[in-house]
Amino acid sequence: MRLVLRGITKRFGSVVANDSISLTVEPGEIHCLLGENGAGKSTLMNVLYGLYKADEGEIELDGVVQHFSGPGDAMAAGIGMVHQHFMLIPVFTVAENVMLGNESTGFAGSLDVQAARARVTEISDRFGFHVKPDAVVEDLPVGVQQRVEIIKALSRDAELLVFDEPTAVLTPQETDELMDIMRQLREAGKAIVFITHKLREVREVADRITVVRHGRIVGEADPKASNAELASMMVGRPVELVVHKEEPTLGADALVVKDLRVVDAAGVTQVDGISFTIRAGEVLAVAGVQGNGQTELTEALLGLQDDVSGSIVLDGVELVGRSTRRILDSGVGFIPEDRQVDGLVPNFTIAENLMLNRSFKSPFVRNGSLRIGALREFAQKKLQEYDVRARDIDSLAGNLSGGNQQKVVVARELSRDLRLLVAAQPTRGVDVGSIEFIHKQIVATRDSGIPVLVVSTELDEVVALADRIMVLYRGQVVGIVPADTPRETLGLMMTGERPDDVKDVVA
Amino acid sequence: MSDADKPRPDEKPVDAGDTVTEERPQDAETTDDSRSRSLLREIASGNALAGVLAVVLAVLVGSVMIAATDETVRETAGYVTARPSDFFNAVWEAVSGAYNAMFRGAIFNNLVDDPARQWRPLTETLKYAGPLILGGLGVGIAFRAAMFNIGGRGQMIIGGGAAAWVGFRFEGLPTIIHLPLAIVVGMVFGALWGGIAGLLKARTGAHEVIVTIMLNYVGYYLVFWALTKDWLLATPGSVNPKSPPMQESAILPRVLGDQFNLHLGFVLALVAVGVVWWVINRSTLGYRIRAVGENPHAARASGINVGWIYTVVMLIAGALLGLAGVNQVLGTVTSGVSTDIDAGIGFDAITVALLGRSRPLGILAAGLLFGAFKAGGFTMQAQENISVDLVLVVQSLIVLFLAAPPLVRAIFRLPAQEAK
Amino acid sequence: MSTATDQPTPESGGLAPDTVVVPTKRSGSRKLPIILGVLAVGLAIVLLTAGRSGDTTFRLATDTDFAGLPDIVVPSAATAWLMIVVCLALTAEAVRRMLAHVAQPMWIPVGFAAAWMVGFLSWAAADGRILVVSLLGGAIALAVPLVFGALGGVLGERAGVVNIAIDGQLLLGAFAAAITASLTGSPWAGLVAAGLAGALVALVLGLFAITYFVDQVIVGVVLNVLVVGLTNFMFRQVLTPNAASLNSPDRFPRVPIPVLGEIPLVGPIFFRQTAVVYVLYVIVALVAWALYRTRWGLRVRAVGEHPKAADTVGIKVNRTRYRTILLAGAIAGLGGAYFSLVSVAGFNREMTGGAGYIALAAVIFGKWDPIRATLAALLFGFASNLQGVLSVLGSPVPSQFMLMLPYVITIFAVAGLVGRSRPPAADGVPYKQQ
C-alpha cells in the first residue's frame, strides 16, 4: 500500500507540532522518520492513525483520500500501529487482546474465542513469533508483548505498519530480532514507517530516511550517511557527540556498595548482589537496557525501596535502613529518572519546587513555618544561575518544557551540600540545548570532588559522561569496565554476555 | 503498579524545546491560595461569573420546584390559556413568598419591631454555620492531601458521643475545666475515628473513600449500642436511645446573651479557620500536606513520609469534624446525644468544602451561605409550608454546576474559555 | 481557574490502590489459616465462657410443604463443639497447604463458614428453634436490593466509572416505582419506572463524570445528597397530601414457581419469592455471562482497564461507558422497586437506609465480579437477617454488632486482610480524547 501525506499541519494551542508535512511511503520499503524527542514524529503518526485530527492537509492511501474520524477507520483502511507504550490490556490474554475491536461473534454476540486463538497461532507461526494465544499479557516479557502488538496489526490485514520508537524497551538482542521481523514484513510487501531517534538503528534497516525537526521536514538523508551527518540534520547545527571533560582527579573511596540486593513489592529480586565503589571526583555510569535493575538500584540508594539487604556506605556512614529523609540529609543528591513523577510537583510554583526536599530544615524553614521571603530570593537567584526559561518564579513547574523542568530539578539538587550525586536518566525527553547544559553541570559536580553515579539507557550518554562504566543485566553486574571500552563490547555485555578479553577496572 | 502505569501528571503531546509553554488547559491550575491571583483575572476569565451563575441556576431550579408543587399554581395552570395572569401571579406568589421567608429566617426579619428580634435570624445563620464551617475545614484539609473524607458523619457521631459522655457524666466540675475537657475529648475521639482511615491508607493502601464510608456506619452502630448501655450513654430507666442532658458546666456559653442562641461554637469555628489557614499556607506541615496531595511520588522521593502525612491529615480532619460534633452536642442540642446528632452535617460538609474550593476562607464563606440556607429553610417550612429539603437540593445543585463550568457556560451560552 | 473539580483528588483518580503506599508482602496464603484459626478459637472461647445447655431445633420444612422434612433436634453444646472440631480440622488443612505452598481451594473457607455458622447457631439458639427456611429465604429477600445495586456497581466500575451513586439510584427507583405503580395500578409498570429512574441518575453521573471530567466520587456523593433532597421534598410536598392517588401501590405478590417451589428446602428458599427476585436471578446470570463471554463484555472490560488501548482499536470509549452506566443505573434502579413495591407498599423518606453503600461494599468485597459481588450481597443480607432472628431468640450478641458486620468486613477487605482486591485499572479515571 502506498501512503501519501500532503501538507499535514497540527497545532496544539499556539504550538505547531506538525508544520505542513508531506511524505510518501512505498510498499515494500522501510521508511525511517528520524528526529529528536519532541520533533513531532509521534504527533504525525497519531494524525495518520486517526487519534488526532489534522488542522490542515490530507492523507492518501493508494490514491484515495482518507477521512479518519478515529483509529477504527485507520485500521479498516489497512494501517497498523505498534505503539511506543504498548496498547495492550495487561489482564487480558493474547487472544483477547488481538480480537478486541475486531471480534468474531456467534449467538447473541457471544465471543468466538476459538477463531481468535487460531488467528494468533497462524500469524505467530508464519513469522516465527512463538506467542501462545492463552498467555496473559502482563506475564509476558516486553519483547513478546511487542510481538503481540504486531500480531494485532497483522490480524487486521494491515498493509502499512507504523513502529513508534519500538526499541526503547528492548535489549540489543531483542532489537536485532525486531529488525529481522521488520525486514521480513518488508519482504512480504508491507509498507513500514519506523520512528526513532537512534541513529544506529536507522542506518541498519532504513531504505529511506526523512529527518524531522521542530515539526518540519528538513530533508531526506542517505542511509549510508555518517552518525555526525544525521545528528546535525536532526538538531539543525553541528552537534558535539562528546562531552569535554578533563581527566578525573580521584580522591578516596566515597561510596562503597556491597552485596546489594533489592526485592520489589511483587517479590521479584531486581538487584541481585551488586558491589561497586565510587571515588570522590569520579563518574561511574551504569549502562544496561531499561528494566535490568537500574531503577531499583537508584531507589535503594535513596531509601525508596523497602526490601533491601547488603550495605551502602557513604563516607563511612551506612545508608541501608535509613529513611529517605535522613539519606537526603546526609548529602545525597537525586535526579530521578522520571521528573514528572518523582522529581517535581507540577502544580507547585518553581519556588515551591526548589524547596521540595528541604522542608524539614533549611534556610526556608523556621520553627515549623515557612520563610517565604528567603525562598523567593533563593529561587530568583537559581532561575538565573541555571538558565531556567520561565516567566517568573511563580510559574507552575508543570507549565515548563521538559528541559526547563529538568533544570529546576538539577538546580535544586546541586544547590544543596552534596556528598554524592545520583543522576538517573538525567537528559531523558530533554532538548539538545538543555542536554549540553545538564551534562556540563554533572561534569562540574564531579570536578568539585563529588562522586557521581549516572544511570542511562542511552549508551551515548553513558560513554560521554563516564570515567568507568558498570554494565547491569538482570540485576547483576556484568562488569565494570573503562570508559573507552568499544561499543560492540558494551552492547554484548548488555545482553549478559561477557567477552573473555574484558577486564574489570577497580576504582 | 509498574513504572509504565505511573500517572504522568501532564503528558504534553509536544515538547517545544526551549520555549516556555503555558498551554495547559485552564482547569489544571492549582487551588493554591498562597499565590496571588488577581480577582480581576478571575472575573475576566469568567470563573467568578460561573460561580455566581451556578448559584443562580440552582436557585432557579429550586424556584421551579416550588412553583410546580404549589397548589395555587397547579390550579391556575388548569386555565392558563384563559387567564395567564392568574398563573403567573400564583408562580410569583409562591416563589417570592418562599424566598422572602428564607430571607426573614436567615438574615433580617422585617415583620417584627424589636431590633433584637429583627436581627435574631442572622445569629441563627451563624449558629448553623459553625459546624458547617468546621466540617468543611475537615473535609477540605483532607482534599489538600488528595484524600476524600466522606467519613464526616462517623467522626461527628463518635466525637459528639464522647464529648456527651464527658458532658453529662462528670458532675460538679467548674466550667473552666469541664467544658475544655469535653471539647478536647470530642476532638480526640473524632481524630481517632478519622485517623483509622489515614492509618489504613498509609499501611495497606486501603482507599479512604471506602473506609470512611464504612466507618460512618460502624460509628453509627457503635454509638447506637452505647446508647443502650447505662455505663456509656444510655439514660437509665429510659428505652429512648438518647443520653441524659448535658451538665450546665459543659455547655458552650451563649456569646450574645440569652436572647440569642448563638454560642461559643461559632467563635471556635472562626478560630479553626485561622488555624487551618496558617497550617496549610504558612507551615511546613501544610507545605508537605500540599506536596503529598499534588504528587505523592515526588513527595516521597523528597524524604516526606507520605503515610505519616495521610495519617496526620486524617487525624486533623477527624478532630475538626469531632469539634463539629461537639458544637452540636454541647451547643446546639444540649438535651442529650442521639444517633442523628450529626443532622446531615457530615455530608453537608462535603458540599461546603467543594464550594469553598478547599480554601479556609472559601469554606468560611460557603459555610455562612449554607448556614443561611439552613436557617432560612426552617422558617420557609414553618411559614410557607415548603419542605426544608429544598435547601438540600439547591445546595447539591450549586456544587454540581460549579464542578462543571463548561456546562454552566453552555447553558448561558457564554464564550468558551479557550479564547484568552 | 479553579473549580470544585480541581481539588487534588487521589492521583490515580479512582479507587485503585495508591502506588506510594508500600504494598504488603505476598502473604496471601498465610492470611486464610490465621483468620480461620482466630474464628475457630474465638467460637471455642465463647462456648467456654458462656456455655449453654439444652437442645437446638433446626426446622427445615415450612407448613405448606408438599413433602415435609423432619425437624432436626440436636444437643446444643455437643453440636457446637463438634462443629468447632470440624472448623479446626479445616484450619489444619489450610495450614498444611500453606506450609506445602499449595493453593487454597474454595471448599475450605466455604466449608468452614458453614460449620462455624451451624456451631454458632446451635449455641445461640439453645432451647430454641431455628427456622432454616425463613433464615435463608429471608436473607435472599433482604439481599435483593443489595444484589441489584452491586450488579449496577460492578458494571459501572468494570467500564471505568465509579458508581458511588448506587444509593441515589435505589432511592429514586423506589420513588418512581411507588408513584408509577400507584398511578397505573400495575407493579410491573412501577418496576420499569424504577429502572428508568436509576438510568436517569446514571445519565447525570455520566454527564458530569464522562463528559465534563468531574471527579466521579464527588459527583456520586453529591448525587446521593441531591436525590435524598429531591425525594424528601417531593414526598412532603406532593406524595403525602395525595397519598391515596400517588403513594398507595399494589405490592408484588409472592409467586411460588410450580415444581421448583416444591423441592424440599431449596424450593421454599429460592422459588417461593416475588417476581422481582426471579427477575434478579435472570439478570445475575445474564450479566455474568455477558461480561465475560460476549463482545460487549470484552469491550466494557477493555474500556475499564485501558481506555486508550481500546480507543486505538476503534472502540468508542466514552460511548461504551455511557451505555454501560445507563444499563448499570437501570439495574440498580430496579433494586429500588424492592423497597416500595415488595418490602412495603409505598415510598417513604430515605427508605433505602443506606443500602446503596452496602451494595458498594459488596462490589469491593466481591472483587468487581458479578457472581462474587452477588454472593457478597447475599452474605450481607444473611448477616442482617440473622441479626433479626437472633434478637428474637434473645441471643447475647448485641444486634448493633451484627448490623455493623458488612461494613467491618469491607474495611478488612480493602485493607487487604481478606485477600487483595484489584479494581479495574482505569476505574474512576476519565478518558480525554485529544
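Residues numbered from 1 in each chain as written. Chains lettered and ligands numbered in written order. Predicted model: local features only at pLDDT ≥ 70, side-chain atom pairs only at ≥ 80, totals over all residues.

Under an unreviewed UniProt entry, the name given to chain B is ABC transporter permease, and the source organism is Nocardioides potassii. Taken from UniProt, the Subcellular location (unreviewed entry) comment for chain B reads in full: "Cell membrane". (UniProt positions renumbered as here; feature names shortened; annotations may be inferred.)

Per an unreviewed UniProt entry, the recorded name for chain A is ABC transporter ATP-binding protein, and the organism is Nocardioides potassii.

Asks: How do you make sense of the overall build of chain A when you look at a structure like this?
Replies: Summing up its helical and strand segments, chain A has 17 helices and 22 strands in all. Computed over C-alpha atoms, the radius of gyration of chain A comes to 25 Å, within 12% of the 23 Å expected from 2.2 N^0.38 for 507 residues, which places it in the range of a compact globule. For chain A, the spread of C-alpha atoms along the three principal axes comes to 70 × 50 × 50 Å. Expressed as a percentage of its 507 residues, the buried residues of chain A come to 52%. (Helix = DSSP H or I, 4+ residues; strand = E, 2+ residues; numbered from the N terminus. Rg over C-alpha atoms; globule rule 2.2 N^0.38 Å. Buried ≥ 20, exposed ≤ 12 C-beta atoms within 10 Å, placed from the backbone.)

Asks: How should I be thinking about the UniProt feature "domain: ABC transporter" (unreviewed entry) in chain A in this particular structure?
Replies: According to UniProt, the feature "domain: ABC transporter" (unreviewed entry) maps to residues 3-239 and 255-499 of chain A in the numbering used here. Within the segment residues 255-499 of chain A, helix and strand shares are 33% and 27% respectively, and the terminal C-alpha atoms sit 28 Å apart.

Asks: For this particular structure, what's the right way to read the nonpolar core?
Replies: Considering soluble globular proteins, one finds that nonpolar side chains tend to be buried as a cluster. Among the nonpolar cores identified, the biggest contains 452 residues, and Val313(B), Phe401(B), Ala150(C), Ala174(C), Ala362(C) and Ala377(C) are the most heavily contacted of them. Discounting chain neighbours no more than four positions away, the residues touching Ala362(C) are Leu146(C), Ala150(C), Ala373(C), Ala376(C), Ala377(C) and Phe380(C). (Core = buried A, V, L, I, M, F, W, Y, C linked by C-beta atoms within 7 Å. Contact = placed C-beta atoms within 7 Å.)

Asks: For this particular structure, what's the right way to read the pairing of strand 13 (residues 283-287) of chain A?
Replies: In the case of a regular strand, side chains alternate between the two sheet surfaces. Residues and elements named next belong to chain A. Burial analysis of strand 13 places five of its five residues in the buried class, which makes it a mostly covered element. Covered by surrounding structure in strand 13 are Val 283, Ala 285 and Ala 287 together with Leu 284 and Val 286, the residues of both alternating faces. With four bridges connecting them, strand 13 and strand 20 (residues 452-455) associate as parallel partners. Residue pairing for strand 20: Val 283 is matched across the bridge by Val 452. By the bridge criterion, four bridges tie strand 13 to strand 21 (residues 468-473) in an arrangement that is parallel. Among the inter-strand pairings, Ala 285 is bridged to a residue of strand 21, identified as Ile 469. (Pairing = 2+ DSSP bridges.)

Asks: Just to check I follow, could you spell out helix 7 (residues 175-204) of chain B for this structure?
Replies: Each α-helix turn comprises 3.6 residues. Residues three or four places apart therefore point the same way. Residue and element names in this part refer to chain B. With 30 residues, helix 7 should reach 44 Å at 1.5 Å per residue; the first-to-last C-alpha distance of 43 Å fits that figure. Of all the bends found along helix 7, the most pronounced is centred on Gly 195 and spans about 30°. After helix 7 finishes, the residue Gly 205 shows a positive phi value of roughly 80°. (Expected span 1.5 Å × (residues − 1). Bend = angle between axes of the 7 residues up to and from the residue.)

Asks: Quick question: what am I supposed to make of the sheet that holds strand 1 (residues 55-59) of chain C here?
Replies: The strands making up a sheet are joined through hydrogen bonds of the backbone, oriented either antiparallel or parallel. Residues and elements named next belong to chain C. Judged by pairing direction, the sheet is mixed, and its three strands sit side by side in the order 2-1-3 without closing on themselves. With one partner strand each, in any of the chains shown, strand 2 (72-75) and strand 3 (129-131) form the two edges of the open sheet. Across the sheet, the mean angle separating the axes of adjacent strands is 20° when strand polarity is ignored. In this sheet, strand 2 lies alongside strand 1 in antiparallel orientation, the contact comprising four bridges. Its bridge partner lying in strand 2, Thr 56 is registered against Val 74. Set on the sheet, helix 4 (residues 132-158) makes contact with strand 1 and strand 3; between it and strand 3 the angle comes to about 40°. (Axes fitted to C-alpha atoms, helices over the stretch in contact; angles between N-to-C directions.)

Asks: I would appreciate a short explanation of the UniProt feature "transmembrane region" (unreviewed entry) in chain B in the present structure.
Replies: Residues and elements named next belong to chain B. Mapped onto this numbering, the UniProt entry annotates "transmembrane region" (unreviewed entry) at residues 44-68, 128-147, 176-197, 209-227, 262-280, 307-326, 361-378 and 390-412. Secondary structure content for residues 128-147 is 85% helix and 0% strand, and the end C-alpha separation is 26 Å. Helix makes up 100% of residues 307-326 and strand 0%, with an end-to-end C-alpha separation of 28 Å.

Asks: What am I meant to see in the sheet that holds strand 8 (residues 191-196) of chain A here?
Replies: Residues and elements named next belong to chain A. Strand order in the open sheet formed by six strands is 6-7-8-3-9-10, with mixed pairing between adjacent strands. In the strand order of this sheet, the two ends are held by strand 6 (79-82) and strand 10 (216-221), each with one partner. Across the sheet, the mean angle separating the axes of adjacent strands is 20° when strand polarity is ignored.

Asks: How should unusual backbone geometry be read in this particular structure?
Replies: Peptide bonds are, in most cases, trans, and in most cases residues other than glycine have a negative phi. Positive phi outside glycine occurs at Ala343(B), with the angle close to 50°. Along the polypeptide, Ala343(B) turns up in the loop between helix 12 (306-332) and helix 13 (345-355). With 15 C-beta atoms counted inside 10 Å, the residue Ala343(B) sits in the partly exposed group. Its identity is not glycine, yet Val259(C) carries a phi of approximately 65°, on the positive side. The topology assignment puts Val259(C) in the loop between helix 8 (243-246) and helix 9 (266-270). Residue classification places Val259(C) among the exposed positions, given that 9 C-beta atoms sit within 10 Å.

Asks: I would appreciate a short explanation of the domain arrangement of chain A in the present structure.
Replies: When the parts of a complex come together, some accessible area is lost, and that lost area is often used as the size of the interface. All names here are of chain A. Assigned domains of chain A: these are domain 1 (3-235) and domain 2 (253-494). Inter-centroid distance (C-alpha atoms) of domain 1 to domain 2 is 33 Å. Taken residue by residue, the interface counts eight residues in domain 1 and seven residues in domain 2. (Domains from an automatic or database assignment.)

Asks: Explanation requested: helix 12 of chain B in the structure shown.
Replies: Taking 1.5 Å per residue, 27 residues should reach 39 Å; helix 12 of chain B reaches 38 Å between its end C-alpha atoms and fits that length. With respect to burial, helix 12 of chain B is a largely interior element, 25 of its 27 residues being buried.

Asks: Please explain the packing of helix 4 of chain C against helix 13 (residues 317-343) of chain C as it appears in this structure.
Replies: Packed helices, taken two at a time, are described by the angle between their axes plus the distance between the axes. Residues and elements named next belong to chain C. Between helix 4 and helix 13, the shortest axis-to-axis distance is 8 Å and the interhelical angle comes to 170°. As far as their axial angle goes, helix 13 and helix 4 are roughly antiparallel. Of the residues in helix 13, those touching helix 4 at Val 144, Pro 145, Phe 148, Gly 149, Leu 151, Gly 152, Leu 155 and Gly 156 are Thr 324, Ile 325, Leu 327, Ala 328, Gly 329, Ile 331, Ala 332, Leu 334, Gly 335, Gly 336, Tyr 338 and Phe 339. (Parallel < 35°, antiparallel > 145°, perpendicular 65-115°, else oblique.)

Asks: I would appreciate a short explanation of the pairing of strand 10 of chain A in the present structure.
Replies: All names here are of chain A. Across five bridges, strand 9 (residues 208-213) lies against strand 10 in antiparallel orientation. Paired with Arg 213 across the strands is Arg 216, a residue of strand 10. What sits between strand 9 and strand 10 in their antiparallel hairpin is a turn of two residues, with His 214 showing a positive phi close to 45°.

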